[in-house]
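# Chain and residue survey
Here are the chains, one letter per residue:
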Amino acid sequence: MEAAGVEGDELISDYVDCLMSLDTNARSVQNGDLILGAPVVEAGVAASVGSSMEQDAMKDFSPPEAPKEPLLGMTFESDESAKTFYNEYARCLGFPFRVGRSRRSKGADEVIIMKRFVCSREGMYTKKNPSSGEATKKRERMSMREGCNAMMEVVRESNHWVISKLETAHNHNLGTCTRVGYLRARGLLDGSDKITMTGSDGMPFPRQNVLGEGGDAQGLLDYLKKMQANDPAFFHAIQVDKNSCLMNVFWADARAKLAYQHFGDAVTLDTSYRKNKYMMPIVTFSGVNHHLQPVMFGRALLMEDTECSFVWLFETWLTAMSGKEPCSLVTDQNRAMKAAIGKVLPHTCHRFCKWHILSRTKQKLAHTYSHHPTLRDELESCVIRSETIDTFETTWMSILDTYDLRKNTWLQAIYNIRQKWVPFYQMDTFCAEISKAQKLETMNDFYKKYFATKATLEVFLTQFDLSIESRYEEEAKADMDTSLNMVTTKTASPIEKQAACTYTKAVFGKFQEEFTESLGYIIRKTKDGCISKYNIMKDEYSSDTFCVTYNASTKMAKCSCKYFEFSGILCRHILGVFLIVDPHLLPPAYFLKRWTWKARDDGLLEYNGDNHHQDACQSITSRYNALCADAIRCAEKGSGSETVYKQVKDILQKAYKEVIAYERNPVRVSQRDAININEDVTIDDTMPDQSLSDSGRKVTNLLGQFLGSSWSP
């Protein structure tokens, strides 16, 4: 695989020579186009690189307004409103806070009647006495407490809350939380600094210097420069404020951009760094490929957990991915993120990660779990293994009654938003989840494998790239395994054989599971005619009944479970009906290309359609990105063997000559009926320069002859 990678890099380099000959200004900004590979300002100053969007952000950025001061007697609708107010006040002044004390009413209700919000440096740290018998081997942790008395206390009065006690003076210097993570002193952070991040939810947490020991700002710039040099299609953007202090960074290499065009219909945004002990503020866009393996769509360093930061992140990511929104996006719960998604991705179905919510349930119900060890499995089974909404609702309420949890505020809260995270309420949207138990590796998992707290940012990113490289190796191995080793069918059904020849091995395993399960269901026809209906149930006593509608004229069926719409794989209920009405072959429409072994072959899903071709002609950047995608396809095909490599190398070299010839005399070249890749081209230096778009189309047409041909090694 190493040799293949070298050959692929050479092929991309040859193709880029063609691109660069088209227009020497292909990497400059014209008419507001995006900058690709523009030079990064050095000497530790974070530069705005990547798009005019960042420049707009700098232009529009202004320091936050002075915070509204709390006053004795000020009223709020609820304790949460008071917390939100104090959060904004603390954020603007630059200090983290926490709930220091609360008091409940006496009696059966025990409702909260007082809350005191205090500076996180309130109180004093008392070192434990080893002679007390307590554990002494635990690592000594740094304490933030310095005896600060700043606080705001609110009490309940009938239907509102009132500030009853207030202290605004602090005994320590205040930072600027809106600048958390910025590169202090023109892009550099002092190595001794400990930063406290405050998210949009008001939850502060300490974090080590995000750029490693000593503030490795230069390391970040060097990393981006190196990636740009090695990958001409590499995309990166840095957002800075008016003082040239870094706010956010995003980057995506050519393979990430290409993977998105194949598998970007369902995306997961992983921000698990917020719960990670290392607190590296890295976020990742990812999905699953046709082997059910994780695939990366881009990465970012996000210094602030605010709506403004997320808006910039999503807009930048969309720009890198040619502006195509995903069908579904899975994230953690975050108000700022939700608001940003609503603005930038209005047509995307936004979901919450069920695994994140279930893991938090473990924390919220720790006391109950200790007394009832089976509760955790029952809740997880209710969410994942229930087959219908009715079954989920019934099972959920049964669990609450069994363990007397009807009044549990956490369970009530996540139940109220069940439409955002329980799969059964989102079956209308494609989410690429073949199994409800499917779980991608999170950034927390990655940290445990590769990351050390004292590593510089550049070392960390390099290690990250190595792990991503191993994923591509795994995909290549799975491709080889699918092409060389036939899967084993369990029946003589033509439908199963058809699926075995179409899907990858991993996806066929899931299909085969559905197919074999379909053989055990009871199917009863309830309506006859051109459009017939069937009721499907597991057995006579099953409470779950599914309805399948079959159209004989189109040979298409729909099921009430909507599993196909959700996963892209036919459910056992529809398969059972097909075994009755048409047991030979399934319609091609039921085989989504993204799940087949041809997922990466012959084009990039919708991206190679006429609309995309027209869009690609609108800007230099769009044309450049489209041609780079073709270059990567050539490299992927050409690096498979030495014979193919030599053939592709020859084609690219002749393509370069054709580009130069057309650039200098488009009239003469356009009169040819077709481009002959075996013809040597004479270059006339007196011919005038021509436009980039026409010559770019010639390059695409030439390579299309190779990529679209039936020839194979």
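See the structure above.
The following refers to the structure shown. (Residues numbered from 1 in each chain as written. Predicted model: local features only at pLDDT ≥ 70, side-chain atom pairs only at ≥ 80, totals over all residues. Heavy atoms only, no water.)

## Structural notes on the pattern of salt bridges
Where charged atoms of side chains with opposite charge meet at close range, the side chains can pair. The criterion, for reference: Salt-bridge detection follows one rule: a side-chain nitrogen of Lys or Arg within 4 Å of a carboxyl oxygen of Asp or Glu. Helix numbers and strand numbers start at the N terminus; a helix is a DSSP run of H or I with at least 4 residues, a strand a run of E with at least 2. The cut-offs for exposure are 20% and 50% of the maximum accessible area for each residue type, with area from a 1.4 Å probe on protein chains only; residues under the lower value are buried, those over the upper are exposed, and the others partly exposed.
Tallied over the entire structure, the rule returns 21 salt bridges. For Glu393, the salt bridge identified is with Arg418, shortest N-O distance 3.0 Å. With Glu393 in helix 12 (residues 389-402) and Arg418 in the loop between helix 13 (409-416) and helix 14 (443-450), the pair connects residues that are 25 residues apart, well separated along the chain. Residues Arg572 and Glu517 are paired through a salt bridge, measuring 3.7 Å at the closest nitrogen-oxygen approach. Placement of Arg572 in helix 19 (residues 572-581) and of Glu517 in helix 17 (residues 505-518) is noted, with a sequence separation of 55 residues between them. According to the relative accessible area criterion, Arg572 is buried, its value standing at 14%. Taken together, the shared-partner salt bridges connect Glu514, Glu517, Lys538 and Arg572 into one network.

## A short note on the packing of helix 11 (residues 375-385) against helix 12
Filter applied, for reference: Helix axes are fitted only over the stretch in contact, all axes being lines through C-alpha atoms; the angle between N-to-C directions runs from 0 to 180 degrees. The cut-offs work like this: below 35 degrees is roughly parallel, past 145 is roughly antiparallel, 65 to 115 is roughly perpendicular, and the gaps in between are oblique. By convention the crossing between two helices is left-handed if the near helix lies anticlockwise of the far one by an angle smaller than a right angle, and right-handed if it lies clockwise. The contact definition used throughout considers only heavy atoms, calling two residues in contact when any of these lie within 4.5 Å.
Running from amino to carboxyl end, helix 11 crosses helix 12 at an angle of 165°, the nearest separation of the two axes being 9 Å. As summarised for this structure, helix 11 and helix 12 are arranged roughly antiparallel, according to the angle between their axes. Of the two elements, helix 11 crosses helix 12, and the hand of that crossing is left-handed. When helix 11 is examined against helix 12, the residues Leu375, Glu378, Leu379, Cys382 and Val383 are found in contact with a partner set consisting of Phe392, Thr395, Trp396 and Ile399.

## Topic: unusual backbone geometry
One non-glycine residue, Asp404, lies in positive phi territory at about 55°. Mapped onto the elements, Asp404 comes out in the loop between helix 12 and helix 13. The backbone of Ala432 shows a phi angle near 60°, a positive value even though the residue is not glycine.

## Let's talk about the pairing of strand 12 (residues 294-302)
We apply this condition: Any two strands with at least two DSSP bridges between them are considered paired.
Burial runs high along strand 12: 8 of the 9 residues are buried. Bridge count for strand 9 (residues 246-252) against strand 12 is 4 bridges, and the pairing is antiparallel. Paired with Trp251 across the strands is Arg299, a residue of strand 12. Note that strand 11 (residues 282-288) and strand 12 share 7 bridges and pair antiparallel. Paired with Ile282 across the two strands is Leu301, which belongs to strand 12.

## Concerning the environment of Gln426
Along the chain, the position of Gln426 falls in the loop between helix 13 and helix 14. The exposure class of Gln426 is buried, given its relative accessible area of 5%. C-alpha separation for the pair Gln426 and Arg351, spaced 75 residues apart in sequence, amounts to 8.4 Å. Once residues within four sequence positions are removed from consideration, Gln426 is found in contact with Arg351, Gln419, Lys420, Trp421 and Phe566.

## As for the packing of aromatic side chains
For the record, the criterion: Each aromatic pair joins two rings of Phe, Tyr and Trp (for Trp, the six-membered one) with centres within 6.5 Å, and gets the label stacked for planes under 30 degrees apart, edge-to-face for over 60, and tilted for any other angle.
Here the structure, examined in full by the defined rule, presents 26 aromatic pairs. Look at Phe235 and Phe250: their rings are 6.0 Å apart centre to centre, the planes differ by 65°, and that puts the pair in the edge-to-face class. Of this pair, Phe235 sits in strand 8 (residues 235-240) while Phe250 is found in strand 9, placing the two residues 15 residues apart along the sequence. Judged on exposure class, the residue Phe235 and its partner Phe250 are both buried. For the pair Tyr260 and Trp317, a centre-to-centre distance of 5.3 Å together with 75° between the ring planes defines the contact as edge-to-face. Of this pair, Tyr260 sits in helix 6 (residues 254-263) while Trp317 is found in helix 7 (residues 307-320), placing the two residues 57 residues apart along the sequence. A residue is classified by how much of its surface remains accessible, and Trp317, at 0% relative accessible area, is buried. An aromatic cluster is built from Phe235, Phe250, Tyr260, Phe285, Phe297, Phe310, Phe314 and Trp317, whose rings are joined through pairwise contacts.

## Observations concerning the pairing of strand 10 (residues 266-270)
The element strand 10 is extensively covered by neighbouring structure, given that 4 of its 5 residues are classed as buried. As paired elements, strand 10 and strand 13 (residues 328-331) share 3 bridges and run parallel to each other. Looking across to strand 13, one finds that Thr268 is bridged to Val330.

## Overview of the sheet that holds strand 11
Spatial ordering of the open sheet is given by 8-9-12-11-10-13-14, a layout of 7 strands whose pairing is mixed. Strands at the two margins of the open sheet, each flanked by one partner only, are strand 8 and strand 14 (349-352). Ignoring strand direction, the axes of neighbouring strands in this sheet form an average angle of 20°. Sheet topology note: the strand 13/strand 14 ladder contains 4 bridges and is parallel. The partner of Leu329 across the bridge, within strand 14, is His350. Sitting on the sheet, helix 15 (residues 457-484) is in contact with strand 9, strand 11 and strand 12, with an inclination near 165° to strand 12.

## Observations concerning the side chain of Asp253
This is how it is decided: Only four residue types enter the charge count, namely Lys and Arg as positive and Asp and Glu as negative; His and the chain termini do not. N or O atoms within 3.5 Å of each other form a polar contact, as long as, within protein, one can give a hydrogen and the other can take it, and as long as residues adjacent in sequence are counted only when both atoms are side-chain atoms.
When you line up the elements, Asp253 lands in the loop between strand 9 and helix 6. Of the side chains with opposite charge, Arg255 lies nearest to the buried Asp253, which makes no salt bridge, at 4.7 Å. Among the polar contacts listed, one links the side chain of Asp253 to the backbone nitrogen of Ala256, at a separation of 2.8 Å. Not counting chain neighbours up to four residues away, the residues in contact with Asp253 comprise Asp231, Phe234 and Tyr472.

## Description of the sheet that holds strand 15 (residues 522-527)
The strand order across the open sheet built from 4 strands is 15-16-17-18, with neighbouring strands paired in antiparallel fashion. Here the strands that pair on one side only, and so sit at the sheet edges, are strand 15 and strand 18 (556-559). Mean inter-strand twist for the sheet, computed between neighbouring axes without regard to direction, equals 25°. Across 5 bridges, the pairing between strand 15 and strand 16 (residues 531-537) is antiparallel. Each residue of the ladder has a partner; that of Lys525, found in strand 16, is Tyr534. Against the sheet, helix 19 touches strand 15, strand 16, strand 17 (545-551) and strand 18, its axis set at about 45° to strand 17.

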